[in-house]
Amino acid sequence: MKIQCLSRLADSFRASRSLDASFDIPWEPCPAGMNGDLTVNCFRLAKALKSAPDALAAETAELLMKDPDVVSAEKIKAFVNITLKPAALFRDSVSDVKSLLADVPFPEGSRRKILIEFSAPNTNKPQHLGHVRNNCIGMTLASVMARAGHTVVPVNLINDRGIHICKSMLAYKLTGNGVTPEQAGIKGDHYVGNYYVKFNQMLSDEVRELKAAHPELADKSSDDLFLETELGRQAQEMLRKWEAGDPEVRALWTTMNKWVIDGFNETYRRMGVHFDKTYLESQTYLLGKDVIADALAKGIFGKRADGAVTVDLGKLGEKVLLRKDGTSVYITQDIGTTILKHEEHHPDTMVWVVGDEQNLHFRMLFTILGRLGYAWADSLYHLSYGMVNLPSGRMKSREGTVVDADDLFDEMHSLAKAAAMERVKEGEEPPADLEARSETIGMGALKFMLLKFNPKTTIMFDPQASLKFEGDTGPYVQYVCARINSIVRKCNDAGIAFDPASVDWSLADSPEEKALAVAALRYADAIRSSADKMDCSILVNYLLDLAKLFNRFYREKQVLNAGDPAVRTMRLALCFAVRDILADGLAALTIGIPDAM
RNA sequence: GCUCCGGUAGCUCAGCUGGAUAGAGCAUCUGCCUUCUAAGCAGAGGGUCGUGGGUUCGAGUCCCGCCCGGAGCACCA
């Protein structure tokens, strides 16, 4: 949507200074306490026009004053505060929400095909709060980018092989007695995770015995002594057999991985996570070796004296790409998988949602792909996000302080349910949709809380403080929608007809009403900026802003009880517009809306 | 030691490519439910923006030094 008076202003500047067609007037909402609807910051404008800010502000104010849409244009220093006629402001904003929402995506020329990888769990334990943040950032970014007009391909890469997988397999083989998760009544990923914990317990027991028998090993760590233990050797042997395709090991692996992945799928379903494609490391871990061998032959990489293939990455250091025995390392797999993903999808860019502890890894990966001659290496992006800490510090699985994803979802659900029950009055029945409503609110609160922060910040999760439904939260925004839904219900019950064609926006002259129209104008930018900067907290904060402005309006102005039917119609239209924008934004964040709260 | 990220109100965090009096939520205190849902609204207190310099009309924002915290610096993933 264009603000017509600013378009005319831009035309005028274009004509007087022969600027090209892309020139636009940057505007911002007029700050609280100032008199006006919009503000043009002429310090900023001055840079684009290479003029003196003060004179430019005077010129801007003068031009705007003559505009038919403008009530007043007040110059203060180099700022011009503009007050618009309500009819003009609303005409340019929410009078046509459908087209306001339709105009959200980027123009066709700047739409891209984006492959985004996130989640990437290991199949040896259930997901925890860290994964929840990753999933939220990944799926929401995918969704917001799609809303911004891009073609998005969300993919997962499940780490389903390796020594850590063998650990839970071995513990199960030794102590599981063939019991299935179903028989045990435990969700598959938790069930397998229990055996991973069990393995570590058994291993530390064995290490303790080993140290007792050999005091000279006292200062060695559990990892150092891994292959000195019977369990460690057996796990190693199991990995060797897995790689050799041993039928018995493969059968157990297939069975246990299915348990875990079934469990993950339940967790994903509850979060609303969806992937277009799931890669399995067991099918991709050998990729990359050929590429390295080719590059070695071409002299792009070198061979060290001991036979390992390495590359010197300058400031980033030297990196081994193939061990001296010819086996691949982590980055080798990633090189191969990245090339595979590119060949399969031909995206314009690829994004990895991975924790900031892997910053160096990705810098190396991208540099190596560039050395290999892939022109698209420049388009790769590591969306690095910060860890989630607890008040007690880092989550540590060894100390049992990890916050389990499924438990957390249950807790959010029951907190939301308790909050809903609190507002059921004596003698009243609880709402029929109590469970569904609690889920929508609980999960909404959780996602919103995790998305409120800029991805790269390390965040603190304090269950006492974080699991709230008041203040800057998802339910705050949901509540506005519920309030509007309630007005709509009452409107229908009372048989009040609403004709969108007969809205008279000139009646919307209060600051509360106009502020909503101004905020609505910023929606497209909130979506686009979130997509561009790959930071959904921009959208989250925008929705909070809009919701806040609505609550202020709601307190000050009556809708159904407005005396004048014309005013009522206008305010109803405004409510619908706000709800449509909030619903669109929450949907982009993969957050649902309850009918009532 | 080297590299990267962070240090803004008691706490958790916003502050766009430098711009009008540094913002929000929580917590504390004060008002507001016989008017469309109080998961709400209004108001109060609370800040030498880690620190010392510099750049300029103007610095929380840019540059340099220092202090503090985190992560990384594997032939682990």
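This is a predicted model, so every value here is computed, not measured. (Residues numbered from 1 in each chain as written. Chains lettered and ligands numbered in written order. Predicted model: local features only at pLDDT ≥ 70, side-chain atom pairs only at ≥ 80, totals over all residues. Heavy atoms only, no water.)

Trainee: How should the protein's contact with RNA strand B be read in this particular structure?
Mentor: Residues in close proximity to RNA strand B total 57 residues, the closest being Arg-304, Arg-323, Arg-423, Tyr-479 and Lys-557. Backbone atoms, meaning sugar and phosphate, form 59% of the atoms of RNA strand B found within 4 Å of the protein. With respect to RNA strand B, the side chain of Ser-486 contributes an N or O atom lying 2.6 Å from a phosphate oxygen. Within the side chain of Lys-548, a nitrogen or oxygen atom sits 3.0 Å from a sugar or linking oxygen of RNA strand B. Those elements that provide at least two residues to the surface near RNA strand B are α2 (42–49), β4 (79–84), α15 (359–371), α16 (405–422), β14 (459–460), α19 (474–493) and α22 (537–556). (Near = heavy atom within 4 Å. Polar contact = N/O pair within 3.5 Å; in protein donor to acceptor, adjacent residues only side chain to side chain. Helix = DSSP H or I, 4+ residues; strand = E, 2+ residues; numbered from the N terminus.)

Trainee: I'm lost on helix α1 (residues 4–17) in this one. Help?
Mentor: Residue pairs spaced three or four apart in an α-helix point in one direction, given the helix's 3.6 residues per turn. With 14 residues, α1 should cover 20 Å at 1.5 Å per step; its first-to-last C-alpha distance of 20 Å lies within 8% of that length. Listed in full, the buried residues belonging to α1 are Cys-5, Leu-6, Leu-9, Ala-10, Phe-13 and Arg-14. Where α1 is buried, its residues contact β2 (38–41), α2, α3 (53–65), β3 (70–76) and β4. A positive phi of about 40° marks Ser-18, the residue just after α1. (Expected span 1.5 Å × (residues − 1). Buried < 20%, exposed > 50% of the residue type's maximum accessible area, 1.4 Å probe, protein only. Contact = heavy atoms within 4.5 Å.)

Trainee: Would you take a moment to explain the sheet that holds strand β10 (residues 318–322) for this structure?
Mentor: Hydrogen bonds between backbone groups are what pair the strands of a sheet, and the pairing can be parallel or antiparallel. With respect to topology, three strands assemble into an open sheet ordered β8-β9-β10, the strand pairing being antiparallel. Two strands in the sheet have a free side with no partner beyond their single neighbour: β8 (302–303) and β10. Sheet topology places strand β9 (residues 309–312) next to β10; four bridges connect them, and they run antiparallel. Considered in β10, the bridge of Val-309 is made with Leu-322. (Pairing = 2+ DSSP bridges.)

Trainee: Hey, could you run me through the pattern of salt bridges in this one?
Mentor: Enumeration according to the criterion identifies 31 salt bridges in this entry. The partner of Asp-24 in a salt bridge is Lys-2, and the shortest N-O contact between them spans 3.4 Å. Separated by 22 residues along the polypeptide, Asp-24 in the loop between α1 and β1 (28–29) and Lys-2 in the segment before α1 bring together distant segments of the chain. The partner of Glu-243 in a salt bridge is Arg-161, and the shortest N-O contact between them spans 3.3 Å. Remark: Arg-161 occurs in the loop between β6 (151–158) and α7 (163–175) and Glu-243 occurs in helix α10 (residues 230–244); sequence separation between them is 82 residues. Salt bridges sharing partners connect three or more residues here, namely Arg-8, Asp-67, Asp-69, Arg-91 and Asp-92. (Salt bridge = Lys/Arg side-chain N within 4 Å of Asp/Glu carboxyl O.)

Trainee: Looking at this structure, how should I read the confidence of the model for chain A?
Mentor: When pLDDT is low, close inspection of the predicted coordinates is not appropriate. For chain A, the average pLDDT comes to 94, and 100% of its residues sit at 70 or higher. Per-element confidence in chain A ranges from a low mean pLDDT of 84 for helix α18 (residues 463–466) to a high of 98 for β6. The ipTM value of the predicted complex is 0.96, and its pTM value is 0.96. (pLDDT = per-residue confidence, 0-100.)

Trainee: Just checking my understanding: could you explain the environment of Phe-226 for this structure?
Mentor: Looking at where Phe-226 falls in the secondary structure, it is placed in the loop between α9 (188–213) and α10. Taking relative accessible area as the criterion, Phe-226 reaches 12% and is therefore assigned buried. Residues Phe-226 and Val-207 lie 19 residues apart in sequence; the distance between their C-alpha atoms is 8.2 Å. Apart from the residues within four sequence positions on either side, Phe-226 is in contact with Ile-163, Lys-167, Phe-199, Leu-203, Gly-232, Arg-233, Ala-235 and Gln-236.

Trainee: What am I meant to see in the nonpolar core here?
Mentor: One broad trend across soluble globular proteins is that nonpolar side chains are buried collectively. Ranked by internal contacts, the top residues of the largest apolar core, which has 158 residues, are Leu-6 and Leu-589. Top element by residues in this core is helix α23 (residues 565–588). It accounts for 13 residues. When near neighbours in sequence (up to four residues on either side) are disregarded, Leu-589 contacts Thr-140, Ser-143, Val-144, Lys-447, Phe-448, Leu-451, Cys-536, Leu-539, Val-540 and Leu-543. Counting residues in each nonpolar core, the second largest holds 31 residues, with Leu-115, Val-155, Ala-295 and Ile-368 among its members. (Core = buried A, V, L, I, M, F, W, Y, C linked by side-chain atoms within 4.5 Å.)

Trainee: Hey, could you run me through the pairing of β2 in this one?
Mentor: For a regular strand, side chains alternate in direction, first toward one face of the sheet and then toward the other. Side chains Leu-38 and Val-40 of β2 all project onto a buried face; the interleaved residues Thr-39 and Asn-41 project onto the opposite face, where all are buried too. Where β1 meets β2, two bridges bridge the pair, whose relative direction is antiparallel. Across the sheet, Pro-29 pairs through a bridge with Leu-38, a residue of β2.

Trainee: Hey, could you run me through the side chain of Asn-41 in this one?
Mentor: Within the secondary structure, Asn-41 sits in strand β2. There is a polar contact of 2.9 Å between the side chain of Asn-41 and the backbone nitrogen of Phe-43. Once you skip the residues sitting within four places of it in the chain, Asn-41 turns out to touch Glu-28, Ala-78 and Phe-79.

Trainee: I would appreciate a short explanation of the packing of aromatic side chains in the present structure.
Mentor: Scanning the entire structure with this criterion turns up 22 aromatic pairs. When the ring of Tyr-191 is compared with that of Tyr-195, the centres are 5.4 Å apart and the planes differ by 75°; the resulting orientation is edge-to-face. Of this pair, Tyr-191 and Tyr-195 both sit in helix α9, four residues apart, which is roughly one turn of the helix. Taking relative accessible area as the criterion, Tyr-191 reaches 4% and is therefore assigned buried. Using a relative accessible area of 12% as the deciding quantity, one classes Tyr-195 as buried. Both rings, one in Tyr-374 and one in Trp-376, keep their centres 4.9 Å apart while their planes meet at 40°; by these two values the pair is tilted. By relative accessible area, which is 25% here, Tyr-374 ends up partly exposed. For Trp-376, a relative accessible area of 16% puts it in the buried group. Through a chain of ring-to-ring contacts, the aromatic side chains of Phe-118, Phe-264, Tyr-268 and Phe-275 assemble into a single cluster. Sitting over the ring of Trp-242, Arg-250 keeps its end group 3.9 Å from the ring centre. It is Arg-250 that lies over the ring of Trp-253; its NZ or CZ is 5.4 Å from the centre. (Phe/Tyr/Trp six-rings, centres within 6.5 Å; stacked < 30°, edge-to-face > 60°. Lys NZ or Arg CZ within 6 Å of the ring centre and 35° of its normal.)

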